[in-house]
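Below are the chains, spelled out letter by letter.
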Amino acid sequence: MKHTDISVPDYFHKVVDCQWACPAHTPVPEYIRLIAAGRYTDAYMINWESNVFPGILGRTCDRPCEPACRRGRVEKDPVAICRLKRVAADFKDDIRDRLPKPAEKKNGKRIALVGGGPASLAVARDLAPMGYECVVFDQDPQAGGMMRTQIPKFRLPESVLDEECQYILDLGIEFVGGKRIDSMKALLSEGFDAIFVGCGAPRGRDLDIPGRKEAVKNIHIGIDWLSSVSFGHIDKIGKRVIVLGGGNTAMDCCRSSRRLGGEDVKVVVRSGFEEMKASPWEKEDAIHEDIPIFNFLVPKEFTHENGKLTGVLFEKVKAEYDPKGRRKLVPTGEPDQHFPCDDVLVAVGQENAFPWIERDCGIEFDKWDMPKVDPKTMASSNPKVFFGGDAAFGPKNIIWAVAHGHEAAISIDRLCRGEDIGVRPAPQVTIASQKMGIHEWSYDNEITLDKRYRVPHREKSAALRNIRAEVELGYDVELALKEAERCLNCDVQTVFTGQLCIECDACVDICPMDCITFTENGEETELRGRLQAPAKNLTQDLYVANNLKTGRVMVKDEDVCLHCGLCAERCPTGAWDMQKYLIDMTLAEQACHLKA
Amino acid sequence: MTYVVKPKFHHPELPKNKLGFTHRDYEGAVSTLCAGCGHDSITASIVEACFELAIEPHRVAKVSGIGCSSKTPTYFLGNSHGFNSVHGRMPSVLTGANLANRDLIYLGVSGDGDSASIGFGQFAHCMRRGVNMVYIVENNGVYGLTKGQFSATADRGSKSKRGITNTDNAIDMVGIALQSGASFVARSFSGDKKQLTPLIKAAIEHRGAAFIDVISPCVAFNNHAGSTKSFDYVREHNEAVNFLDFITARAPIHVDYAPGTVEMVEQHDGTVLALRKLNAEYDVHDLEAAMSFLHHHAAKGQIVTGLLYVENESEDLHCHLNTVEGPLNTLSEKELCPGSAALEKINAALR
Ligand SMILES: Cc1cc2nc3c(=O)[nH]c(=O)nc-3n(C[C@H](O)[C@H](O)[C@H](O)COP(=O)(O)OP(=O)(O)OC[C@H]3O[C@@H](n4cnc5c(N)ncnc54)[C@H](O)[C@@H]3O)c2cc1C
Ligand SMILES: Cc1ncc(C[n+]2csc(CCOP(=O)(O)OP(=O)(O)O)c2C)c(N)n1
Ligand code: SF4
Ligand code: SF4
Ligand code: SF4
Ligand SMILES: [Mg+2]
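Along each chain, numbering runs from 1 in the same order as the chain's sequence is written. Chains and ligands are labelled by the order in which they are written, letters from A for the one and numbers from 1 for the other. Selection of residues for local features in this predicted model requires a pLDDT of at least 70, selection of side-chain atom pairs for listing and counting requires 80 or more, and totals for whole chains, interfaces and linings are taken over all residues. Only hydrogens and water are removed before side-chain values are computed, so all heavy atoms of the structure are retained for them.

1. Structural notes on the overall build of chain B
Argument step 1. The way it works is that DSSP assigns letters per residue, a run of H or I at least four long becomes a helix, a run of E at least two long becomes a strand, and they are numbered from the N terminus. Within chain B one finds 12 helices and 13 strands.
Argument step 2. Against the 2.2 N^0.38 benchmark of 20 Å for 351 residues, chain B shows a C-alpha radius of gyration of 21 Å, consistent with a compact globule.
Argument step 3. By principal-axis analysis of the C-alpha atoms, chain B measures approximately 70 × 50 × 50 Å.
Argument step 4. Counting over 351 residues, chain B shows a buried share of 51%.
Argument step 5. Here chain B holds 31 positive side-chain charges and 37 negative ones, and the gap between their average locations is 7 Å. We compute the radius of gyration from the C-alpha atoms alone; for a globule the expected value is 2.2 Å times N to the 0.38, where N is the number of residues. Relative accessibility thresholds used throughout: buried, under 20% of the residue-type maximum; exposed, over 50%; partly exposed, between the two (1.4 Å probe, protein chains only). All tallies of charge rest on Lys and Arg as positive and Asp and Glu as negative; His and the ends of each chain are not included. By convention, charge coordinates are those of NZ in Lys, CZ in Arg, CG in Asp, or CD in Glu.

Set out below in C-alpha cells:
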C-alpha cells in the first residue's frame, strides 16, 4: 500500500466519523468537549456556525452522525450527539452579541430566496453579513418552512424555532411573508443577481383506492393535516384513527392524533417493521404512547356507510427476495383484514411540485420532472438560479437543507464576484499537539465504560394532554456531562513519525484495540487480513507509514481506535503524538475573509 | 509508565480460543516499566502464547525474583498464581512449588542480573535437576532496576550509557543451560514476537527444564550506540538458525514447506514442532555441535537465535525422584499414614 498522506485534510476528517457523516460537517467532538467543560455558549456557537439551528436540530435532527459514531462500533450505542447539541442550546447564555452584525454597507447585490425554510435561511445567514441584500419570499406568514408547519410542537417548541429564525432575520434580511411566488419568469425579470429556490417538497402523496372519494370527509393527507394542526385550524380527530405509512410523517401524525382525541390510534405499514423509513427512536416514541404498529398490510379499500368512513380493508403480504436481493411484497393468500376507524391519515410519501417554474426559463428538468442540479454547487442549468433543501433532490431533512444552503451561498458569492463556482474553498485545518507532560494531555483521554444515557421524558399522561407540551425534557447538566464523557475525541488524531520509531512494539502491546501492526507492506486486501486484529471494516482507512529502519511499515487500522493516547504515552521516542485536528468547512463568509 | 487504566474495550473481531477467551483475558495490570522497555514485549508474547494454547489461567504459577524483568509477572495472567520472591531465588522457590504440586504450569521469569549474578548458582542447579518449567531470562545486559550497572551478561568491550567500557567477560546463559543439562534451550529477541511466541509455546509444552534467553533492550540504560543489547545492534547481528512453527497435538499436521528445509520434532505429549531450517547444517539434537556453533558465532559477534537444542525423550525432576503422581495436597490420610504394617515393612528393609 501507498504511504498515507496525512496532509490531505480529508484523511483525518474521515477519522472523525460523526463530523464526516454530518452533511454540514459540524465539529462534533469539539463541541462535546466544550459541553463537558460547561462552556455551553461556546459549544452553541460552534454549532450555530456549522448547522445554523442548534436548538432545533438538537431536538429534531435525523442525526446521520450517530450511526456513524465510532462508539457504536466499540460498544452498543453511539454517543447521544444530537441531544448534546440541545444541551448547548438549553444552557447557553444570551448569545446575541456573538452573532454577526447586519452589514454596515451593502455590496449592491440582490438575492431572491423562494421559500423561508431552513435551506433559504441558511443561504441568507451566510450571505447577509457580507453585504448581500437578501429577500426571502414565503407563502406563509412566518419563516421556518416545514420546521414550523410540519414538525409538531411537542417535538419542537415554537419558542426555540422563533428564537433561531429570528437570529437570522435580524441580520438585515428582508422577509416577505404571505407572498407566494407564482412565476419564475416574473421573478427573473426583477433584476436579482441570483435566485435561490428553497420551496421544499410540498405535496403529500394520495392513495387512490376504492372508497377514497366516498369517504373523503374523514380521509386526510398527512402533511396537509399536520400543517392545519400547526396553524390551529384543526384541533380534534375521531376516537379511532388509522395512520397509513411508515415514515417520520406517519409517526408525527399518529402521535398528534393521540393528543387531539384519538384513543385507539394505529399505524399500518406495507413493509416489515425493520424496513420502515421512520427512525428507530420515532417508532419507539410512538409505541411508548400506546400506538401499535401493524406490518405487512397493504390498504385495499376504504370502507364506508352512508358517506361516512367505517374502516380500512387490508391485504396481507409477505416479503420475498429475488436472487438479486430485491424485495417484493406478495400476497400471503390469507383472508383480508378489516380495521374499523373514524379517521384515516395518509402519510405514504411526499413529492416535489414546481407549477410556478415555467419550463422555458432556462432551468432544465429531468424525466422525473425534477430540476437538474449540480450536487456540488447547487446550480441549475440557469446560471443565476440555485436550488437547495427538499427542492433540490426530493425530501430529505433539515441538516441536508442547511448543508445545501452553505454550498449555494458559496456559489452565489463566487458568481457575484465573477469567479468560477466550480472551484470550492478548502476546509480550514488547525493542528495542535495535545501533549502537556509525560502523562498529561490537554484532553480527557480516560475512556468511560458508561452506556448511553436516556433523555428524561415528560410523564406520559401529561404529555398526551397538551399537544404543545414538549415530550423530551432534555439532559440536565449532570447527565449531559456523563454522556459527553462517552465521546472518544476522534478529532484528537494519532499522528505517527516513522523516522522517530525504534520499533520497540510498545504501542502495539499497549493498544487496547489491537489497532497497530508493524509488518511487511502488501496489497490492501491481503494486508487487512494479517494485521494484529483483522481489519474487516472497509469503510475505515488503514494508516500506512514507512521510513522505518527495518524496512517494514506501520499499519494502523483506524476502525475502532479509542483515541485514548496510550500508544503515544507508551512510545519512548515520541514517534506517536496525539494531535487535535480541528477541521472547519469554509463558509461563504469566511471564504471572503480569507481573501481579504 | 502509564497512569490511565487500559480500557476494558477490545476489538470486536478479536479471535477467541477454545475456552472463549480473547488474548485480552490473559493480561495483567498495566505495566509500570519504562515506555518502550523490551520486557513489555516479552509480556505480550507470554500473553499471546497462553492465549493460543488456551491455557486455563488458574493452572499457571508465575514465579520471579527481583528486577524490572521480575516485576513483569504482574503484567500478564492476572488470574494466575504468582510469587515474587527475593533476588536470585526464583529457581528454589519454583522448585519447591513444583515438588508440592506437579500439575501446574510453571513460568519462571528472571533477569540477567537476577539469574547470572546473584542467582547464578540457583539457575544452574535448577537446569541440572530438570525442574519442569519455562525459565525465561529477560536479558538486557544491565541491572535495569538499580539504574543500569553492567550485569554479568554484558559483553566485554561494550559501552555503558556514560561511555565506560566493560572489561569483564560475559556469561552466556545459553551455554550454561546447555552445559547444565537443560532439555530445551532457545534464544530470541523481544523485538521479534513472531520468533518468540512459538518458542514460548513449545517451551510450555516441553517436559523438563526449558530455558529461553530473550534479549530485551533496556531503553533507559542500554539502548545506545556501543551497547550490544540495543534494538539496532541485535537486529543487525541476529543470526536465526531456524524458525519454529508450533503445532498442537489437537490440530492436524499440515505443513507446506520445501522438502528438506523442515524438520518435525515430536514432543512427549504428541505436539509437534515444525522447524523451518534457516541454517542447513544446524542440528537441534546435537548438543556438542550446538555448543561449538554458538562459540564460533559468538566469536564473530553474531547473536544466534532460534530453537538451539531440544531433547526428544526428556525427563523431569519428578521422573528422576520417582515422586507420587499428582499434587501433594490431594494425598489423603490413608496415603500419608499407611499404617503399622507399612511401617513394619520399612523398618524391616532398614535392618
Ligand atoms: C411531518 C414531517 C416531519 C418532519 N420532521 C423532521 C425532523 O424531525 N427532522 C428533520 O430534519 N426533518 C424533518 N422533516 C423534513 C424537513 O422538515 C424538511 O426536509 C425541511 O424543512 C426542508 O427544508 P427546505 O428549506 O428545503 O423546505 P421547507 O422547509 O419545506 O420550506 C419551504 C418553504 O417554501 C414555501 N414555499 C413553497 N413554494 C413557495 C412559493 N412558490 N412561493 C413562496 N413560498 C413557497 C413553503 O411554504 C415553505 O415554507 C419533516 C418533514 C415532515 C413532512
Ligand atoms: C539481595 C539483593 N541484592 C541486591 C538488590 C538490588 N537489586 C535490585 S534489582 C537488581 C538487579 C536486577 O537486574 P536484572 O535481574 O537484570 O533485572 P532488570 O532490572 O535488568 O530487568 C539488584 C542488584 C536486591 N534487591 N536484593
Ligand atoms: S465518539 Fe465522539 S468524536 Fe467519535 S464519532 Fe462518536 S461523537 Fe464523534
Ligand atoms: S489511541 Fe493509540 S493506543 Fe489508543 S486505541 Fe488508538 S491506536 Fe490504540
Ligand atoms: S530501566 Fe530498563 S529494564 Fe527497567 S523498565 Fe526501564 S527500560 Fe525496562
Ligand atoms: Mg537486566
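Continuing now.
2. Regarding the overall build of chain A
Argument step 1. Counting its regular elements, chain A contains 23 helices and 24 strands.
Argument step 2. Taking 2.2 N^0.38 as the reference for a compact globule, 596 residues should give roughly 25 Å; the C-alpha atoms of chain A span a radius of gyration of 26 Å, in line with that estimate.
Argument step 3. Overall, chain A is about 90 × 65 × 50 Å in size when its C-alpha atoms are taken along their principal axes.
Argument step 4. Of the contacts made within chain A by residues no fewer than 6 positions apart, 71% connect residues no fewer than 24 positions apart. Should any heavy atoms of two residues lie within 4.5 Å, those residues are counted as being in contact.

3. Some words on the coordination of the magnesium ion (ligand 6)
Argument step 1. Only N, O and S atoms count as donors, using a 2.8 Å limit from the metal and a wider 3.2 Å limit for Na, K and Ca, and since water is excluded some coordination spheres may look unfilled. For the magnesium ion (ligand 6), the protein coordination sphere consists of Asp-112 of chain B (OD), Asn-140 of chain B (OD1) and Val-142 of chain B (O), at 2.0 to 2.2 Å.
Argument step 2. Exposure remark for Asp-112 of chain B: the relative accessible area of 2% places this residue in the buried category.

4. Points about the sheet that holds strand S6 (residues 219-221) of chain A
Residues and elements named next belong to chain A.
Argument step 1. Paired strands, as defined in this entry, are two strands with at least two bridges between them according to DSSP. The strand order across the open sheet formed by five strands is S6-S14-S7-S8-S9, and the pairing between neighbours is parallel. The strands lining the two open edges of the sheet, one partner per strand, are S6 and strand S9 (293-294).
Argument step 2. Working convention: axes come from line fits to C-alpha atoms, limited for helices to the stretch in contact. Angles between N-to-C directions cover 0 to 180 degrees. In the packing of helix H13 (residues 222-230) onto the sheet, contacts are made with S6 and strand S14 (343-346), and the angle to S6 comes to roughly 85°.

5. Remarks on the interface of chain A and chain B
Argument step 1. Chain A puts 36 residues into the contact, and the matching count from chain B is 31 residues.
Argument step 2. Joining two parts hides part of their accessible area as seen by a 1.4 Å probe, and the buried area is that hidden amount summed over both. Roughly 2,800 Å² is buried in total at the junction of chain A and chain B, and carbon and sulfur atoms are behind 57% of that figure.
Argument step 3. Salt bridges are defined by distance alone: a side-chain nitrogen of Lys or Arg within 4 Å of a carboxyl oxygen of Asp or Glu. Where chain A touches chain B, the interface holds six salt bridges.
Argument step 4. Pairs of N or O atoms within 3.5 Å make up the polar contacts considered here, provided that, within protein, one atom can donate a hydrogen while the other can accept it, and that residues adjacent in sequence are counted only when both atoms are side-chain atoms. The interface formed by chain A and chain B includes 15 residue pairs in polar contact (both at pLDDT 80 or more).

6. Here we look at the packing of aromatic side chains
Argument step 1. Ring pairs shown here join Phe, Tyr and Trp side chains whose ring centres sit within 6.5 Å, with only the six-membered ring taken for Trp; geometry is labelled stacked below 30 degrees between planes, edge-to-face above 60, and tilted in between. Going through the model one piece at a time under the given rule, you end up with 19 aromatic pairs over all chains.
Argument step 2. Look at Phe-354 of chain A and Phe-365 of chain A: their rings are 5.8 Å apart centre to centre, the planes differ by 65°, and that puts the pair in the edge-to-face class. Of this pair, Phe-354 of chain A sits in the loop between strand S15 (350-351) and strand S16 (385-387) while Phe-365 of chain A sits in the loop between S15 and S16, placing them 11 residues apart in sequence. Taken as a pair, Phe-354 of chain A and Phe-365 of chain A share a single burial class, namely buried.
Argument step 3. Both rings, one in Phe-123 of chain B and one in Phe-211 of chain B, keep their centres 5.2 Å apart while their planes meet at 50°; by these two values the pair is tilted. Pair noted here: Phe-123 of chain B is in helix H5 (residues 120-129) and Phe-211 of chain B is in strand S8 (residues 209-215), with a separation of 88 residues, a long-range link. Side by side, Phe-123 of chain B and Phe-211 of chain B carry an identical accessibility label, which is buried.
Argument step 4. Members of the aromatic cluster, joined through ring pairs, are Tyr-11, Phe-12, Tyr-543 and Tyr-581 of chain A.
Argument step 5. Just above the ring of Trp-281 of chain A sits the side chain of Arg-63 of chain A; from NZ or CZ to the centre is 3.6 Å.
Argument step 6. Distance and angle both matter: a charge sits over a ring if NZ of Lys or CZ of Arg is within 6 Å of the ring centre and within 35 degrees of the ring normal. Positioned over the ring face of Phe-273 of chain A is Lys-283 of chain A, at 4.2 Å from the centre of the ring.

7. Notes on the sheet that holds strand S13 (residues 303-310) of chain B
All names here are of chain B.
Argument step 1. One open sheet holds the eight strands; their spatial order is S2-S1-S3-S4-S8-S7-S13-S9, and the pairing between them is mixed. This sheet does not close on itself; its edge strands, each paired only once, are strand S2 (81-84) and strand S9 (238-240). Adjacent strand axes in the sheet meet at a mean angle of 20°, parallel and antiparallel pairs treated alike.
Argument step 2. Its contacts with the sheet put helix H7 (residues 193-205) on strand S3 (105-111), strand S4 (133-139), strand S7 (184-189), S8, S9 and S13, and the angle it makes with S7 is roughly 160°.
Argument step 3. In this fold helix H9 (residues 287-299) packs onto S7, S9 and S13, with an angle of close to 175° to the strand it touches most, S13.

8. Some points on the site of ligand 2
Residues and elements named next belong to chain B.
Argument step 1. Note on terminology: near, applied to a residue and a molecule or strand, indicates that one of the residue's heavy atoms is within 4 Å of it. Near ligand 2, the surroundings consist of 17 residues, among which Ser-69, Asp-112, Gly-113, Asp-114 and Gly-144 are the closest.
Argument step 2. A distance of 2.7 Å is found between an oxygen atom of ligand 2 and a backbone nitrogen or oxygen belonging to Asp-114.
Argument step 3. One of the backbone N or O atoms of Gly-144 is found 2.8 Å from an oxygen atom in ligand 2.
Argument step 4. Protein burial of ligand 2: of its 590 Å² of free accessible surface, 73% is covered by the chains.
Argument step 5. Within the residue set of the shell around ligand 2, elements represented by two or more residues are helix H2 (68-71), helix H4 (112-116) and strand S5 (142-143).
Argument step 6. Counting residues per element, the shell around ligand 2 draws most heavily on H4, at three residues.
Argument step 7. In this count, Pro and Cys sit with the nonpolar residues alongside Ala, Val, Leu, Ile, Met, Phe, Trp and Tyr, while Asp, Glu, Lys and Arg are called charged and the others, Gly among them, polar. Here the residues of the shell around ligand 2 sort into six nonpolar, nine polar and two charged. Here the Shrake-Rupley method, with its probe set to 1.4 Å, supplies the accessible areas, and only the displayed protein chains count as covering residues.

9. Comments concerning a negative patch on the surface
Argument step 1. Judged by side-chain charge, Asp-444, Glu-446, Asp-450 and Glu-485 of chain A come together as a negatively charged surface patch.
Argument step 2. Residue Glu-446 of chain A is classed as partly exposed on the basis of its relative accessible area of 49%. In this scheme, patches are assembled from residues that exceed 30% relative accessible area and form no salt bridge. Like charges are connected within 9 Å, while nonpolar side chains (Val, Leu, Ile, Met, Phe, Trp, Tyr) are connected within 5 Å.

10. Notes on the domain arrangement of chain A
All names here are of chain A.
Argument step 1. Domain ranges listed in this record stem from an automatic or a database domain assignment. Taken domain by domain, chain A holds domain 1 (99-202 + 352-416) and domain 2 (204-350).
Argument step 2. Relative to domain 2, the C-alpha centre of domain 1 lies at a distance of 32 Å.
Argument step 3. Contacts between the two partners involve 13 residues from domain 1, matched on the other side by 12 residues from domain 2.
Argument step 4. A salt bridge links Glu-282 to Arg-155; the shortest N-O distance between them is 3.6 Å.
Argument step 5. Run the count over domain 1 and domain 2 and you get five residue pairs in polar contact (both at pLDDT 80 or more).
Argument step 6. Here the residues of the side of domain 1 that touches domain 2 are counted per class, giving six nonpolar, two polar and five charged.

11. Observations regarding the pairing of strand S12 (residues 272-277) of chain B
Residue and element names in this part refer to chain B.
Argument step 1. Sheet topology places strand S11 (residues 262-266) next to S12; five bridges connect them, and they run antiparallel. Considered in S12, the bridge of Glu-263 is made with Leu-275.
Argument step 2. Between the end of S11 and the start of S12, which pair antiparallel, lie five residues, with Gly-270 showing a positive phi angle near 90°.

12. Some details on helix H19 (residues 477-484) of chain A
All names here are of chain A.
Argument step 1. Considered for burial, the residues of H19 that qualify are Leu-479, Ala-480, Glu-483 and Ala-484. Buried residues of H19 fall within an arc of 135° about the axis and therefore sit on the same side.
Argument step 2. Check the buried side of H19 and you find it contacts helix H3 (28-36) and helix H8 (81-91). As used here, the arc is the angular range of directions from the helix axis to the C-beta atoms.

13. Quick look at the pattern of salt bridges
Argument step 1. By the definition in use, this model includes 67 salt bridges over all chains.
Argument step 2. Here Glu-334 of chain A and Lys-316 of chain A are joined by a salt bridge, their closest N and O atoms 3.5 Å apart. With Glu-334 of chain A in the loop between strand S12 (327-331) and strand S13 (337-340) and Lys-316 of chain A in strand S11 (residues 308-321), this pair connects stretches of sequence that are 18 residues apart.
Argument step 3. One salt bridge in this structure joins Lys-549 of chain A and Asp-232 of chain B, with 2.9 Å as the shortest N-O distance. With one member in each of two chains, Lys-549 of chain A in the loop between strand S22 (542-545) and strand S23 (553-557) and Asp-232 of chain B in helix H8 (residues 231-237) form a pair that bridges those chains.
Argument step 4. Through salt bridges that share partners, Arg-71, Glu-75, Lys-451, Glu-483 and Arg-486 of chain A make up one connected network.

14. Describing H3 of chain A
Residues and elements named next belong to chain A.
Argument step 1. Of all nine residues that make up H3, eight are buried, and the element is covered over most of its length.
Argument step 2. Restricting attention to buried positions, one finds in H3 the residues Val-28, Pro-29, Glu-30, Tyr-31, Ile-32, Arg-33, Leu-34 and Ile-35.
Argument step 3. Elements in contact with the buried residues of H3: helix H2 (17-21), helix H4 (40-51), H8, H19, strand S20 (492-496) and strand S24 (576-584).
Argument step 4. Gly-38 sits one or two positions beyond H3 and adopts a positive phi of about 80°.

15. Re the environment of Ile-363 of chain A
Residues and elements named next belong to chain A.
Argument step 1. Among the secondary structure elements, Ile-363 is positioned in the loop between S15 and S16.
Argument step 2. Taking relative accessible area as the criterion, Ile-363 reaches 2% and is therefore assigned buried.
Argument step 3. A sequence separation of 22 residues divides Ile-363 from Val-385, and the C-alpha atoms of the two residues are 7.9 Å apart.

16. Some points on the environment of Ala-119 of chain A
Residues and elements named next belong to chain A.
Argument step 1. Mapped onto the secondary structure, Ala-119 falls in helix H9 (residues 118-127).
Argument step 2. Looking at Ala-119, the relative accessible area reads 4%, which means it is buried.
Argument step 3. Counting along the chain gives 283 residues from Ala-119 to Val-402, while the straight-line C-alpha distance between them is 5.1 Å.
Argument step 4. Residue contacts for Ala-119: discarding those within four places in its chain leaves Phe-196, Gly-388, Gly-389, Ala-401 and Gly-405.

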